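Here is how the chains run, residue by residue.
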Amino acid sequence: MNTLKIREANIADAQFIAILGRVTFTETFDHYFKDSNDLLEYYNRTFSVEKIKKSIDNSNNIFWIAFVNELPVGYAKLKLNSPSEFLKYKNTSQLQKIYVLKDFLSMKIGLELQTKLIEKAKVNGSELIWLSVLKSNNRAIQFYKKNGFINIGYHNFQIGKEKFEFNVMSKILK
């Protein structure tokens, strides 16, 4: 029997989150990159243990980490007080990341992590939560739509030589 445990992450979890970030990003997005150096540079910039520690230490950021049978298998990040040009609401939070290892997706860990994020955003007084999702990531877009998010805009993002289009989605909390 698999035992799922989700808890708020702390500085000591930074190395778990860093490796989970690299592996889950590779599982989901590796095929978009023609130059592996672009991907490696992104990992070093985004998923270094030091960067994750600083992010965890930021009072506007809250991370959760998911374990199955004591093995770290996923994490999520909420950014409190995160306005967006797409929103008229003043008190908003951003669902920045929900990453779960591919082998554990069927356990609905992403939904559990999302529930924790939304609960915390509500407790913080957020009127709305928003996120960016790769326009071609249909599985994630359907997941968010199923959970009450709607598309409110688009933006571009570049990693190395690759350019990506993102949907901006939001969900009213109050």
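Here, every reference points to the structure presented above.
Criteria and cut-off values
Residues numbered from 1 in each chain as written. Predicted model: local features only at pLDDT ≥ 70, side-chain atom pairs only at ≥ 80, totals over all residues. Heavy atoms only, no water. Helix = DSSP H or I, 4+ residues; strand = E, 2+ residues; numbered from the N terminus. Buried < 20%, exposed > 50% of the residue type's maximum accessible area, 1.4 Å probe, protein only. Pairing = 2+ DSSP bridges. Arc of directions from axis to C-beta. Contact = heavy atoms within 4.5 Å. Core = buried A, V, L, I, M, F, W, Y, C linked by side-chain atoms within 4.5 Å.

Engineer: Please explain the overall build of the chain as it appears in this structure.
Structural biologist: What the chain contains, in helices and strands, is five helices and seven strands. When the elements of the chain are put in sequence order from the N terminus, they spell out β-α-α-α-β-β-β-α-β-α-β-β. Its C-alpha atoms give the chain principal-axis dimensions of about 40 × 40 × 30 Å. Within the chain, the fraction of its 174 residues that count as buried is 46%.

Engineer: Just checking my understanding: could you explain the pairing of strand 2 (residues 61–68) for this structure?
Structural biologist: Two faces, one strand: in a regular strand the side chains alternate between the faces of the sheet. The buried fraction of strand 2 is high, at eight of eight residues. Residues of strand 2 alternate between two faces, with Asn 61, Phe 63, Ile 65 and Phe 67 on one and Ile 62, Trp 64, Ala 66 and Val 68 on the opposite face, all of them buried. With five bridges joining them, strand 1 (residues 4–8) and strand 2 adopt antiparallel strand pairing. Across the sheet, residue Glu 8 finds its bridge partner in strand 2, namely Trp 64. Relative to strand 3 (residues 71–79), strand 2 runs antiparallel, the two being bridged by eight bridges. Within strand 3, the position partnered with Val 68 by the bridge is Leu 71. Between strand 2 and the antiparallel strand that follows it, strand 3, lie two residues; Asn 69 among them carries a positive phi value of about 50 degrees.

Engineer: Explain helix 3 (residues 49–57) to me, please; I cannot follow it from the model alone.
Structural biologist: For the α-helix, the turn length of 3.6 residues means that residues three or four positions removed from each other point alike. Every buried residue of helix 3 is accounted for by Ile 52, Ser 55 and Ile 56. Mapping the buried residues of helix 3 onto a view down its axis gives an arc of 100 degrees, with all of them on the same face. Those residues of helix 3 that are exposed and angled more than 90 degrees off the buried face are Lys 54 and Asp 57. Of the surrounding secondary structure, the elements contacted by the buried residues of helix 3 are helix 1 (14–29), helix 2 (36–46), strand 2 and strand 3.

Engineer: I would appreciate a short explanation of the nonpolar core in the present structure.
Structural biologist: One recurring pattern in soluble globular proteins is that nonpolar side chains are buried together. Ranked by size, the top nonpolar core spans 51 residues in total, and within it Phe 25, Leu 113 and Tyr 144 carry the most contacts. Here this core takes seven residues from strand 2, the largest share from any one element. Residues in contact with Leu 113, not counting those within four places in the same chain, are Ile 6, Trp 64, Ala 66, Gly 74, Tyr 75, Ala 76, Ile 98 and Val 100.

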